[in-house]
Amino acid sequence: MNHTFSLFERLQSPVWVFDIQQQKILWANPASLPLWEAGSLDELTARDLGLDMTQAVRAQLEVYQQRFAAGEAIKTWWSFTPKGQQKKALCHFSGIPLPDGRLAMLVEVIDEESTLRRELAFSGCTNLALLFSADGTLLSANTAFEQAFGSQLSCLANFLGDTDLAERWLAEAREQQTLQLKKLCWTGRSHCWFRIQGQWLQDKHQLLLSLININQEKEQLSKARYNAEHDFMTGLLNRRGLTKAITEYQHACQPYSLFFLDLDGFKLVNDTYGHAIGDKLLRAVAIRILDCVKNKGLLARFGGDEFIIQVEHRNIDSPARFAKSIIAALNKPFHIKEVGDLSVGCSIGIASFPEDSQEIDTLIIQADMAMHRAKLRGRNRSHHFSPDMADALYRKMTLRHHLTLALETSNFELYYQPIVDLANHQLSGFEALIRWYDEELGQVSPAEFIPLAEETGQIVPLGHWILKTACQQLAAWSEKYQRRFVISVNLSRAQLQASLAPSIEALLLQYDIHPSQLALELTESTMLQDYDEAKQCLDALAGLGLELYLDDFGTGYSSLSQLQDLPISTVKLDQSFVQGEHKSSQAIIEATRAICEKLELKVVAEGVETLKQLQYLQQCQFDYCQGYYLGRPMPPAELEASDFKLLNSIPASPRSPVDMLAS
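Residues numbered from 1 in each chain as written. Predicted model: local features only at pLDDT ≥ 70, side-chain atom pairs only at ≥ 80, totals over all residues. Heavy atoms only, no water.

Glancing now at the overall build of the protein chain. Counting secondary structure elements, the protein chain contains 26 helices and 26 strands. Residues classed as buried in the protein chain amount to 51% of the 663 residues present. Taking the contacts inside the protein chain whose residues are at least 6 apart along the sequence as the reference set, 60% of them involve residues at least 24 apart. (Helix = DSSP H or I, 4+ residues; strand = E, 2+ residues; numbered from the N terminus. Buried < 20%, exposed > 50% of the residue type's maximum accessible area, 1.4 Å probe, protein only. Contact = heavy atoms within 4.5 Å.)

Structure (structure tokens):
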């Protein structure tokens, strides 16, 4: 036998011949003995290397033998453990015939320094192997895989993060015999990128995956550039990488669509299980979307739980149907080992090149707008961009800029709408209502700029200005007319902070206002968010002696519990019931009056516009009312110049609507 392989005797690099069937070394040159921790060739050839060989390695060697028979040679990193010592070598495998006609494996270890430098990119690419049964159960992992990643992996679905994908892989392998691709997979310990070569073992009905860890390869190939263009968590393109990729191929001018995807329900997962689980879910989501997008286009993580997909129209039936397939894929549960199955949905906005725009950044903005429209329509759906969205965005951006300027110059005005005491037919106070006239935009409705101020956080300084201005006016009127009137001011949820009560207390002291003269109005929906925190703030405000009004009563979700639990003194019945013509509206009016009477709460009817409505409210024994029939909102000067004499007695003018109250 030594004579048969004597040609390799004088090679400086380790060389040996391995009998794949008998799983033993038949011959080795002297340079191999130190590598195998062997004292002699006889000792080495006497070893049974099959004793600790895993099924995965056996299957891998059988595949190698088939490739040798086809005349192929293989160069790969190989790990082995002579006498329990872990070693790794870059090897060249080839077939060599034996005297009995069988084919053995000739192994040559490459150890030239120059060669190793050229192979540096593959330094982390050990011979990792996984063997799966026909149903995807993990039968074996070779020693190299277990030493690198542990033995927690259980099945192909766990490895791929998707049960349906695992079934498709098994079916494709059975049909095509081979698989070849790169994929981000779960090793049982962490996510890792692999170059995967799959081989279906027909006689055993098993799938052998030969893996090359390409994490280091990605780092070696210009790590700085890769990191600049890819998302560190998922390995996907980031916005910069996507923009660059689209720019490079846009010269072909093929029509395409951008899909802006935002997860629905992801914040709840983060809040419930923490960011570590949230990150794992994001990676699982990325893997599943990538599987839907493969060979069709590009996928990028935009940030947070947002993703962008670019797909040419020639690769899909229609953008809407493709979006629907993405939504369906993400609606299936995700299995996260630590917590089990998790469910999220997604909303998708779509913008198309070149119909909607020829600029990538503009398309992203348009798709983002369309995504928000999809959320407004109910979530878990898609929506295509339309020009009216751009108009709305431009209007919103313009408003925000002008609102900032207006806040700097206090370019607002408070109007005051009278609130009438139905018991004594006199004016009891006013509701302060903000008005904004902009020289460029004209009169801007509070219904438009208040939600914007809440969204941007500008409502806090704006709300302070309203409170301060109302207190100034209240102090001026109290001194001028020697009467204690009540002015109510609307509050936003964002204003319910720990600093609000001390701030208002300082205003009361500054303008010498009795706390009972200032009322704060809050809607039911305002108090639904962070209820406990809101209640603490309201308790502090009530502790100052302020009046607290529950506004728009009947339009929220938890009115009765709020009346019982919160320090509310007055309920304002929403105008929709006052102006309603149906019997149900009258029933709600009467029920509200009865509930408030039992709870010893005052009640104000809003939106009184006709004498008939006023008379019905009087019949129901309402405490207060307000509306255009009694007085529209007016600036202070106009109130004082015209009907402001109502402050002394009601009615003041025989033609005043309030005159009806005295008759």
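Now that the structure is up, let's keep going.
Next up on the list: the packing of helix H15 (residues 387-409) against helix H16 (residues 446-456). At a closest axis distance of 10 Å, the pairing of H15 and H16 adopts a crossing angle of 80 degrees. With respect to H16, the element H15 is oriented roughly perpendicular. When H15 is examined against H16, the residues Arg395, Lys396, Leu399, Arg400 and Leu403 are found in contact with a partner set consisting of Glu448, Phe449, Leu452, Ala453, Glu455 and Thr456. When its residues are assigned to classes, the contact of H15 with H16 shows five nonpolar, one polar and five charged. (Axes fitted to C-alpha atoms, helices over the stretch in contact; angles between N-to-C directions. Parallel < 35°, antiparallel > 145°, perpendicular 65-115°, else oblique. Nonpolar A, V, L, I, M, F, W, Y, C, P; charged D, E, K, R; others polar.)

Every buried residue of H16 is listed here: Phe449, Leu452 and Ala453. All buried residues of H16 lie within an arc of 100 degrees about the axis, which places them on one face of the element. Exposed and oriented more than 90 degrees from the buried face of H16 are Ala447 and Glu455. Two or three places before Ala447, at the start of H16, stands the capping residue Ser445, its side-chain oxygen 3.1 Å from that residue's backbone nitrogen. (Arc of directions from axis to C-beta. Polar contact = N/O pair within 3.5 Å; in protein donor to acceptor, adjacent residues only side chain to side chain.)

What follows deals with helix H24 (residues 611-619). For H24, the full list of buried residues reads Gln613, Leu614, Tyr616 and Leu617. The buried residues of H24 occupy an angular sector of 165 degrees when projected down its axis, which confines them to one face. Turned more than 90 degrees off the buried face of H24, the exposed positions are Lys612 and Gln619. Directly beyond the C-terminal end of H24, a positive phi value near 60 degrees is found at Gln621.

So, about the nonpolar core. Counting residues in each nonpolar core, the largest one holds 73 residues, and the members touching the most others are Leu467, Ile487, Ile504, Leu518, Leu520, Leu541 and Phe622. Once residues lying within four places of it in the same chain are set aside, the contact partners of Leu467 are Val489, Leu491, Gln495, Leu500, Ile504, Leu507, Leu518 and Leu520. (Core = buried A, V, L, I, M, F, W, Y, C linked by side-chain atoms within 4.5 Å.)

Now for the sheet that holds strand E17 (residues 382-384). On the basis of which strands lie adjacent, the open sheet formed by five strands has the order E12-E13-E11-E16-E17 and mixed pairing. Two strands lie at the open edges of the sheet, namely strand E12 (297-303) and E17, each paired on one side alone. Ignoring which end each strand starts from, the neighbouring axes of this sheet average 20 degrees apart. When strand E11 (residues 256-264) meets strand E16 (residues 345-353), the two strands line up antiparallel, connected through nine bridges. Paired with Leu261 across the strands is Ile348, a residue of E16. Packing against the sheet, helix H14 (residues 360-376) makes contact with E11, E12, strand E13 (306-312), E16 and E17, and its axis sits at approximately 140 degrees to E16. (Pairing = 2+ DSSP bridges.)

Once that is clear, we can look at the packing of aromatic side chains. Tallied over the full model, the rule gives 20 aromatic pairs. Considering the side-chain rings of Phe412 and Trp465, the 5.8 Å spacing of their centres and the 55 degrees angle between planes classify their relative orientation as tilted. With Phe412 in the loop between H15 and strand E18 (413-421) and Trp465 in helix H17 (residues 459-481), this pair connects stretches of sequence that are 53 residues apart. The exposure class of Trp465 is buried, given its relative accessible area of 18%. A network of ring pairs unites the aromatic residues Tyr64, Phe68, Trp78 and Phe93 as a single cluster. One cation-aromatic arrangement involves Arg288 over Phe334; the distance from NZ or CZ to the ring centre is 3.7 Å. We note Arg435 situated over the ring of Tyr415; from NZ or CZ to the ring centre the distance is 5.5 Å. (Phe/Tyr/Trp six-rings, centres within 6.5 Å; stacked < 30°, edge-to-face > 60°. Lys NZ or Arg CZ within 6 Å of the ring centre and 35° of its normal.)

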